[in-house]
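Structure at a glance
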Amino acid sequence: MYDKSMDLRAKVYQMFILSPSSTELLGGGNLEQALQNGLGGVIYFTKNIISKAQTYKLSMKIKDAALISPFISIDQEGGRVERTENIFNGKRFLSARLQAEKGLEFVHCQSKEIAELLLELGCNMNFAPVLDVDTNPANPIIAERSYSADPDKVIEYAICAMKVYMANNIIPVGKHFPGHGDVNADSHLTLPVLELSRKEVEAVHIRPFYNAIQNGLPAVMVAHLYCPCFDKKKVPASLSQNVLSYLRKEIGFKGVIVSDDMQMGALDGVEPLDAIISGINAGVNLFLYRDCSNNTIDIIEAIVSKARRENLLEQKIEESFVLIQKLKEKFRLI
């Protein structure tokens, strides 16, 4: 366990999750060095996972290389967001929508099967369940990833999945706050706009997050989408002090706030270092990157340098470090 006196560089690195560039990882390179510097975690994509044995071995290498026991994370929802296709020669798990159609018992069973598989791979965090309410038929990115167009059904099924993950020591990360279900654009490509009033957003799209948080959800992923009901200026929710202050103060969330992938098209108009600074100031605790490139490492090191000169930024980093350590302690990672 690493205490408050830990080096500032390690505290900054704890705020990042990066992806391995291969299925083998460690023969040196950026990821190994980042882990030694205190990297918070890694995220697996399909390219990283060939077999159960290979992935478990990779996870053990990552843990052995890490200064602080890392999050080993994955997007394993089922349906079109499933990273273990190579293991099973194709998709194995049903999407949230198809799970819901089969009923609560099926949601419970599939969530348990996913949790057990992730443990076999050496993972300890899943970016699921999806808490978005699929209210827009033209939505290109959520659709069957949502349990339902009915927020009450989303609440029922998502909380079931969340509790199964937690019972199996997998950290669930509910996504995508404040709700991605009513937009008509893909945030991987551009910045979607949630054109609803605050009352509508609260009544439908925020309700599942509120209920999951009341039931112990330990981490929330915030979306790269613009909510005019929160901000007059066009700023992504992931970088919005108004949105994240609402999550903390109005909903009472005390856990870890995770960004969506910081390399998505929704953030193309924001300089990468500025995006991280804005995110930290807004209240993001953990930033997700789909690579471990030189550019990404340079951003992390630039944050380290900046924090050494700016007390307020250092204070924000300290706050995130404490929350991240509490989450790791809760799930017995450290």
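Residues numbered from 1 in each chain as written. Predicted model: local features only at pLDDT ≥ 70, side-chain atom pairs only at ≥ 80, totals over all residues. Heavy atoms only, no water.

It is worth spelling out the overall build of the protein chain at this point. When helices and strands are tallied, the protein chain shows 13 helices and eight strands. Its C-alpha atoms give the protein chain a radius of gyration of 19 Å, within 12% of the compact-globule value 20 Å for 334 residues. Expressed along its principal axes, the backbone C-alpha trace of the protein chain runs to roughly 50 × 45 × 35 Å. Residue burial in the protein chain is summarised as follows: out of 334 residues, 59% are buried. Of the contacts made within the protein chain by residues no fewer than 6 positions apart, 77% connect residues no fewer than 24 positions apart. Summed over its atoms, the accessible surface of the protein chain is roughly 13000 Å², and 48% of this surface lies on carbon and sulfur atoms. Distance from the positive charge centre (37 side chains) to the negative charge centre (40 side chains) of the protein chain: 3 Å. (Helix = DSSP H or I, 4+ residues; strand = E, 2+ residues; numbered from the N terminus. Rg over C-alpha atoms; globule rule 2.2 N^0.38 Å. Buried < 20%, exposed > 50% of the residue type's maximum accessible area, 1.4 Å probe, protein only. Contact = heavy atoms within 4.5 Å. Areas by Shrake-Rupley, 256 points an atom, 1.4 Å probe, with all protein chains shown as cover. Lys, Arg positive; Asp, Glu negative; His and termini not counted. Charge placed at Lys NZ, Arg CZ, Asp CG, Glu CD.)

Take the packing of aromatic side chains next. Between two aromatic rings, the relevant description is the distance of the centres plus the angle of the planes. For the structure on display, the rule yields six aromatic pairs. With a centroid separation of 6.0 Å and 40 degrees between ring planes, the pair formed by Tyr 147 and Tyr 157 is classed as tilted. Of this pair, Tyr 147 sits in the loop between β4 (125–126) and α7 (151–167) while Tyr 157 sits in helix α7, placing them 10 residues apart in sequence. Comparing Tyr 147 with Tyr 157, the two get one shared label, buried. Taken together, the ring pairs in this structure connect Phe 16, Phe 287 and Tyr 289 into an aromatic cluster. For the cation-ring pair, Arg 198 lies above Phe 230, with the distance from its terminal atom to the ring centre recorded as 4.1 Å. (Phe/Tyr/Trp six-rings, centres within 6.5 Å; stacked < 30°, edge-to-face > 60°. Lys NZ or Arg CZ within 6 Å of the ring centre and 35° of its normal.)

Moving on: the packing of helix α11 (residues 272–282) against helix α12 (residues 294–309). Between α11 and α12, the least distance of the axes is 10 Å, while the angle of their chain directions is 55 degrees. Judged by the angle between their axes, α11 and α12 are oblique. Helix-helix and strand crossings are classified by hand; for α11 and α12 the assignment is right-handed. Residue-level inspection shows Pro 272, Leu 273, Ile 276, Ile 277 and Ile 280 of α11 in contact with α12, the latter providing Ile 299, Ala 302, Ile 303 and Lys 306. Partitioned by chemical class, the residues of the contact of α11 with α12 number eight nonpolar, no polar and one charged. (Axes fitted to C-alpha atoms, helices over the stretch in contact; angles between N-to-C directions. Parallel < 35°, antiparallel > 145°, perpendicular 65-115°, else oblique. Left-handed = near helix turned anticlockwise from the far one by under 90°. Nonpolar A, V, L, I, M, F, W, Y, C, P; charged D, E, K, R; others polar.)

Let us look at the pattern of salt bridges. For the structure shown, the criterion picks out 15 salt bridges. The salt bridge partner of Arg 97 is Asp 134, with a shortest N-O separation of 3.0 Å. In this pair, Arg 97 sits in helix α5 (residues 96–102) while Asp 134 sits in the loop between β4 and α7, placing the two residues 37 residues apart along the sequence. Classification of Arg 97 by relative accessible area gives partly exposed; the value is 21%. When its relative accessible area of 13% is taken as the criterion, Asp 134 is described as buried. Overlapping salt bridges bring together Asp 75, Glu 77, Arg 83, Arg 145 and Lys 175 as one network. (Salt bridge = Lys/Arg side-chain N within 4 Å of Asp/Glu carboxyl O.)

What follows covers the sheet that holds strand β3 (residues 71–74). Pairing is parallel around the closed barrel formed by eight strands, whose spatial order is β1-β2-β3-β4-β5-β6-β7-β8. Across three bridges, the pairing between strand β5 (residues 171–177) and strand β6 (residues 219–222) is parallel. Each bridged residue has a counterpart across the sheet, and for Phe 177 the counterpart in β6 is Val 222. (Pairing = 2+ DSSP bridges.)

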